[in-house]
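As a plain string of letters, each chain reads:
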Amino acid sequence: MLEKVRYEGAYPTRERADEAVRLVLAGLGRQVTGDERVDLAACLPLEAARVLTAQIPDTQPLTGWAFVKDLAARTGASLAITRWDTGSVFSTIAAYAGPDLITRILHQLPTGYALLFGRAELTPAA
């Protein structure tokens with residue numbers, strides 16, 4: 001998983017990719033709940049699943065943009081770098097989880113996550 005994230009994110013070292021994976025998975029672990037959380041953990045390598053499931057879900061879910069801002073605030077990194085990290089890790093997670101599980105996760109989360117997973121953000125017509 002780390003090598004895929006390193007490739008996707010063009011990170012110079014495995015350590016930098018590991019930092020991104022841990023940051024983003026921990027953040028996602030604070031957002032995803034229920035069967036989707038269990039199913040996602042089952043798809044991931046063991047160490048990644050541990051990072052995801054070690055988090056206590058937030059009682060107030062964050063929108064996609066608030067998620068990125070929260071991660072940036074936790075690390076002191078810029079929003080651009082944090083957005084890059086998120087996209088790099090989420091694209092790898094999507095490859096492990098498959099489209100059906102990602103769709104279920106996106107239905108559970110507030111708006112803004114589809115773009116982070118590299119999908120169009122579709123909204124119903126008014």
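Structural data are supplied above this passage.
Residues numbered from 1 in each chain as written. Predicted model: local features only at pLDDT ≥ 70, side-chain atom pairs only at ≥ 80, totals over all residues. Heavy atoms only, no water.

**Q** What am I meant to see in the packing of aromatic side chains here?
**A** The description of an aromatic ring pair uses the distance of the two centres, along with the angle that the planes make with each other. For the coordinates displayed, the defined rule picks out three aromatic pairs. Taking the centre distance of 4.1 Å and the plane angle of 10° together, the rings of Phe90 and Phe117 count as stacked. Of this pair, Phe90 sits in helix H6 (residues 79-97) while Phe117 sits in the segment after helix H8 (113-116), and the two are 27 residues apart along the sequence. Aromatic ring contacts, followed pair by pair, group Phe67, Phe90, Tyr113 and Phe117 into a single cluster. (Phe/Tyr/Trp six-rings, centres within 6.5 Å; stacked < 30°, edge-to-face > 60°. Helix = DSSP H or I, 4+ residues; strand = E, 2+ residues; numbered from the N terminus.)

**Q** What's the story with the packing of H6 against helix H7 (residues 99-108) in this structure? I'm lost.
**A** Helix-helix packing is described using two parameters, namely the angle between the two axes and the distance between the axes. Two numbers describe how H6 lies on H7: the axes approach to 6 Å, and their chain directions differ by 120°. When the axis of H6 is compared with that of H7, the two are oblique. Between H6 and H7, the residues in contact are Ile93, Ala94 and Ala97 and Pro99, Leu101 and Ile102, respectively. Its residues assigned to classes, the contact of H6 with H7 comprises six nonpolar, no polar and no charged. (Axes fitted to C-alpha atoms, helices over the stretch in contact; angles between N-to-C directions. Parallel < 35°, antiparallel > 145°, perpendicular 65-115°, else oblique. Contact = heavy atoms within 4.5 Å. Nonpolar A, V, L, I, M, F, W, Y, C, P; charged D, E, K, R; others polar.)

**Q** Would you take a moment to explain helix H3 (residues 34-43) for this structure?
**A** Working note: α-helix, 3.6 residues per turn, so residues spaced by three or four point in the same direction. Listing the buried residues of H3 in full gives Glu36, Arg37, Leu40 and Ala41. Mapping the buried residues of H3 onto a view down its axis gives an arc of 130°, with all of them on the same face. Along H3, the residues that are exposed and aim more than 90 degrees away from the buried face are Asp35, Val38 and Ala42. Check the buried side of H3 and you find it contacts helix H2 (14-29), helix H4 (46-53), H6 and H7. (Buried < 20%, exposed > 50% of the residue type's maximum accessible area, 1.4 Å probe, protein only. Arc of directions from axis to C-beta.)

**Q** When you look at the nonpolar core in this model, what are you seeing that I'm missing?
**A** Nonpolar side chains in soluble globular proteins tend to be buried together. Membership of the largest hydrophobic core comes to 36 residues, with the highest contact counts inside it found for Leu25, Leu40, Leu44, Phe90 and Ile93. When residues of this core are traced back to their parent elements, those giving at least two are helix H1 (2-9), H2, H3, H4, helix H5 (64-75), H6, H7 and H8. Sorting elements by how many residues they give to this core places H2 first, with eight residues. Ignoring anything within four residues of it in the chain, the contact list for Leu40 reads Leu28, Leu52, Ile93, Ala97, Leu101 and Ile105. (Core = buried A, V, L, I, M, F, W, Y, C linked by side-chain atoms within 4.5 Å.)

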